[in-house]
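# An overview of the molecular structure
Now for the letters of each chain:
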Amino acid sequence: MTDVKKSGAGMLFFMTFIPFISFLAPAEPQSISAEERAVVSYIDAHKDDAIALLERVVNINSGTQNLVGVREVGAVFRAEFDRLGFQTQWVDGAGWQRAGHLVATHPGTSPKVLLIGHLDTVFERDSPFQKFERLDATTARGPGIIDMKGGDVIIIQALKALDAAGLLKSMNITVVMTGDEEAAGRPLTRAREALVTAAKGAAAAIGFEDGDGLAEHIVVARRGSTSWELRVTGTPAHSSQIFRDDIGAGAIFEAARILNAFREQLAGEPHLTFNPGVILGGTSVDFDSVQSRGTAFGKTNVVAERATVAGDLRALSNEQFQKAMAAMRDIAGKSLPRTRAELTFDEAYPPLAPTAGNERLLVHYDRVSRDLGSGPVEAVNPDRAGAADVSFVADQVPMIIDAAGLKGKDGHTVGETADLTALPLQAKRAAMLIARLAKGAR
Ligand SMILES: [Zn+2]
């Protein structure tokens, strides 16, 4: 007991001194270099410029289908990259029915770093949500303010700070800002060809999405997703004869069998989900897969001839995708008598599987954040991370993180709001991470 009392008193003694110790501690963190200090000073001195640029691009509508608007936002950023000495190129998106992408390259001798943004938003020209609006000293609302024009501005701000500190000139950096992240054009392989090409030889890739909106979180893994369609045919007959050898169970029972087997065999596997979102069945079915709507006709006394189901599938690795798709095809292939099922999968958004390299990049980012005095950074649960463009380079780049962009809340809604204090913080973190990667951090 006395021992406990003693240590308790010791703790009390120590705690009373903490405020004094923190008071004495310098406001500037210790473990950053003189060059990094110059980066930090630049960003602090140019906070308002960054917000002004953000306001300017948020006020240009760039809904994915507003091709002119997407190109206009691209032109604003292109001019910024040109001023920084990047070689810039607009990759036309006619081949996948979208605006296109901005690619900016800065050749240098250091290890190549790929930075990823996107120019489009989910708010089209007919949305009521069109303008940047300052709410108070630290917050602003606007379409795409965090998803992800804020992230794009952070890229620019970080590069300007690196340039001002004399660090940019030897750097090998490629920036890709896609024009159709929110609704990628098809074929996907074509729509992401420029991004995949830009990733060649990169030692690291950083995505500037908003992630879950919290500055203490970063994405090192996210699931991929695809959609599937199940089309079942049966043998029409009078309902009184169902289950007869030459008539079978009908299309609706067969669709029900398949869906139930999906659930029984595959539900509960970690990180794997699949959801039938729409179903139609009867004598005739008319399903529009683009609009995800349709009509069906059938009678209670007729064995169903057709059934159509559309759903999605999400998985954390390509292996998990392949395994799940094979199991689903296998289930669909075991048709009940006198029925036939066809299961097709759309082109998949690839997963960003967790890798040791991504984990190392998180460690570097966490170190940067601690060195800046802005606390630790942790990984988001991959099941909570939505799809994004970094996943397309997952197989090519050894170290990848995402969600290094602007933070806030309510992305994809008319309440999309940014925490403007996160803008300089995220720019500092990004610039210092890029600087350390350029110096060979592995
Ligand atoms: Zn986004």
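Rules behind the numbers
- Throughout this document, residue positions are counted from 1 along each chain, in the order its sequence is written.
- Under the rules for a predicted model, residues below a pLDDT of 70 receive no local features and side-chain atom pairs below 80 are neither given nor counted, while totals for whole chains, interfaces and linings still include all residues.
- Here the side-chain values reflect all heavy atoms present in the structure, with hydrogen atoms and water set aside.
- We count a stretch as a helix when DSSP gives it H or I for four or more residues in a row; a strand needs E for two or more, and each element gets its number in order from the N terminus.
- The cut-offs for exposure are 20% and 50% of the maximum accessible area for each residue type, with area from a 1.4 Å probe on protein chains only; residues under the lower value are buried, those over the upper are exposed, and the others partly exposed.
- Contact definition: two residues touch when any of their heavy atoms are within 4.5 Å.
- Computed with a 1.4 Å probe, the accessible areas rest on the Shrake-Rupley method; for each residue, only the protein chains presented here act as cover.
- Pairs of strands are assigned from DSSP output, requiring at least two bridges between the strands.
- Pairing of aromatic side chains here covers Phe, Tyr and the six-membered ring of Trp, requires ring centres within 6.5 Å, and sorts the geometry by plane angle: under 30 degrees stacked, over 60 edge-to-face, intermediate tilted.
- Here, nonpolar core refers to any group of buried Ala, Val, Leu, Ile, Met, Phe, Trp, Tyr and Cys residues whose side-chain atoms link them within 4.5 Å.
- Coordination here is defined by N, O and S atoms within 2.8 Å of the metal (3.2 Å for Na, K and Ca), and since water is not considered, a site can look incomplete.
- Under the classification used here, a metal with four donors is tetrahedral if each angle lies between 85 and 135 degrees, square planar if opposite donors are over 155 degrees apart and the others between 65 and 115, a six-donor metal meeting that same test is octahedral, and anything else is irregular.
- By definition here, a salt bridge exists when the distance from a side-chain nitrogen of Lys or Arg to a carboxyl oxygen of Asp or Glu is within 4 Å.
- Here, axes are lines fitted to C-alpha atoms. For helices the fit covers the stretch in contact, and angles between N-to-C directions go from 0 to 180 degrees.
- Angles are sorted into four bins: roughly parallel if under 35 degrees, roughly antiparallel if over 145, roughly perpendicular if 65 to 115, and oblique for all others.
- If you view the pair so one helix is near and one far, a crossing is left-handed when the near helix is turned anticlockwise from the far one by less than a right angle, and right-handed when it is turned clockwise.
- Residues were grouped as follows: Ala, Val, Leu, Ile, Met, Phe, Trp, Tyr, Cys and Pro as nonpolar; Asp, Glu, Lys and Arg as charged; and all remaining residues, including Gly, as polar.
- What pLDDT conveys is the predictor's confidence in a given residue, as a value from 0 to 100.

### Looking at the overall build of the protein chain
- Secondary structure assignment for the protein chain yields 11 helices and 18 strands.
- With the C-alpha coordinates of the protein chain rotated into their principal frame, the extents come out at 90 × 70 × 45 Å.
- Taking all 442 residues of the protein chain together, the buried fraction comes to 51%.
- Look at the contacts in the protein chain between residues 6 or more apart in sequence, and 78% of them connect residues 24 or more apart.
- For the protein chain, the computed accessible surface area is about 20,100 Å², with 55% contributed by carbon and sulfur atoms.

### Here's the deal with the sheet that holds strand S18 (residues 417–419)
- Read across the open sheet, the four strands follow the order S4-S5-S18-S17; overall the sheet is antiparallel. One side of each edge strand has no neighbouring strand; the edge strands of this open sheet are strand S4 (133–134) and strand S17 (408–409).
- Taken together, the two bridges between S4 and strand S5 (residues 139–141) define a ladder with antiparallel strand orientation. Considered in S5, the bridge of Glu133 is made with Arg141.

### Thoughts on the packing of aromatic side chains
- For the structure on display, the rule yields five aromatic pairs.
- Ring centres 5.0 Å apart and planes at 80° place the aromatic pair Phe123 and Phe129 in the edge-to-face group.
- Residue classification places Phe123 among the buried residues on the basis of a relative accessible area of 6%.
- Geometrically, the ring pair formed by Tyr349 and Phe392 is edge-to-face, given 5.2 Å between the ring centres and 65° between the ring planes.

### Details of the nonpolar core
- Phe77, Phe81, Leu115, Leu159, Leu162, Val175 and Ile206 are the most contacted members of the largest nonpolar core, which totals 74 residues.
- In contact with Leu115, other than residues within four places in its own chain, are Ile155, Leu159, Ile173, Thr174, Val175, Val176, Ile206, Phe208 and Ile434.
- Core analysis: the next-biggest nonpolar cluster, separate from the first, contains 27 residues, Trp228, Ala251, Ala307 and Leu343 among them.

### With respect to the coordination of the zinc ion
- The protein atoms donating to the zinc ion are His118 (NE2), Asp147 (OD), Glu209 (OE) and Glu209 (OE), with metal-donor distances spanning 1.8 to 2.5 Å.
- Considering all four donor atoms around the zinc ion, angles at the metal cover 55 to 146° and the coordination shape is irregular.
- Between the donor residues of the zinc ion, the gaps in sequence give the motif H-x28-D-x61-E. Note that His118 is positioned in strand S3 (residues 113–118) and Glu209 in the loop between strand S7 (204–207) and strand S8 (217–218), a separation of 91 residues in sequence.

### Considering the pairing of strand S9 (residues 224–233)
- Of all 10 residues in S9, seven are buried, a share of seventy percent or more.
- Note: S9 against strand S13 (residues 306–315), 10 bridges, orientation antiparallel. Residue pairing for S13: Gly224 is matched across the bridge by Ala315.

### Observations regarding the pattern of salt bridges
- In this structure the tally under the stated criterion is 20 salt bridges.
- Across the pair Asp312 and Arg314 runs a salt bridge whose closest N-O atoms are separated by 2.9 Å.
- A single salt-bridge network, built from bridges that share partners, covers Glu36, Arg367, Asp371 and Arg436.

### Some details on the packing of helix H10 (residues 356–371) against helix H11 (residues 422–438)
- Where H10 meets H11, the closest approach of the two axes is 9 Å, and the angle between their N-to-C directions is 125°. Between H10 and H11, the crossing angle belongs to the class labelled oblique. For the element pair H10 and H11, the recorded crossing hand is right-handed. Together, Leu361, His364, Tyr365, Arg367, Val368, Ser369 and Asp371 of H10 and Gln426, Arg429, Met432, Leu433, Arg436 and Leu437 of H11 make up the contact between the two elements.
- Of the residues assigned to the contact of H10 with H11, the class counts are six nonpolar, three polar and four charged.

### Describing the confidence of the model for the protein chain
- Residues of the protein chain with pLDDT of at least 70 account for 93%, and the chain-wide mean is 93.
- Predicted confidence for residues 1–29 stays below pLDDT 50, and this span has five contacts to residues more than four positions away or in other chains.

### Considering the environment of His46
- Looking at the secondary structure, you find His46 in the loop between helix H2 (34–45) and helix H3 (47–58).
- The sequence separation of His46 and Pro424 amounts to 378 residues, and the corresponding C-alpha distance is 8.7 Å.

### Some points on the packing of H3 against helix H4 (residues 67–83)
- One can describe the packing of H3 onto H4 by two numbers: an axis separation of 9 Å at closest approach and a directional angle of 150°. In terms of orientation, H3 and H4 fall into the roughly antiparallel class. In this structure, H3 meets H4 at a crossing whose hand is right-handed. From H3, Leu53, Arg56 and Val57 reach across to H4, where they touch Val73, Val76, Phe77 and Glu80.
- Its residues assigned to classes, the contact of H3 with H4 shows five nonpolar, no polar and two charged.

### A short note on unusual backbone geometry
- Note the cis peptide between Asp147 and Met148, where omega equals -10°.
- Relative to the assigned elements, Met148 resides in helix H5 (residues 145–164).
- Arg186 connects to Pro187 through a cis peptide bond whose omega is -5°.
- Locating Pro187 in the fold gives a position in the loop between strand S6 (173–178) and helix H6 (188–191).
- Unusually for a residue other than glycine, Gln97 sits at a positive phi of about 55°.
- Within the element layout of this structure, Gln97 appears in the loop between strand S1 (87–92) and strand S2 (100–106).

### Considering the environment of Phe253
- On the secondary structure map, Phe253 appears in helix H8 (residues 250–266).
- Between the C-alpha atom of Phe253 and that of Gly234, which follows or precedes it by 19 residues, the distance is 9.2 Å.
- Apart from residues no more than four positions distant in its own chain, Phe253 is found in contact with Ile242, Phe243 and Leu336.

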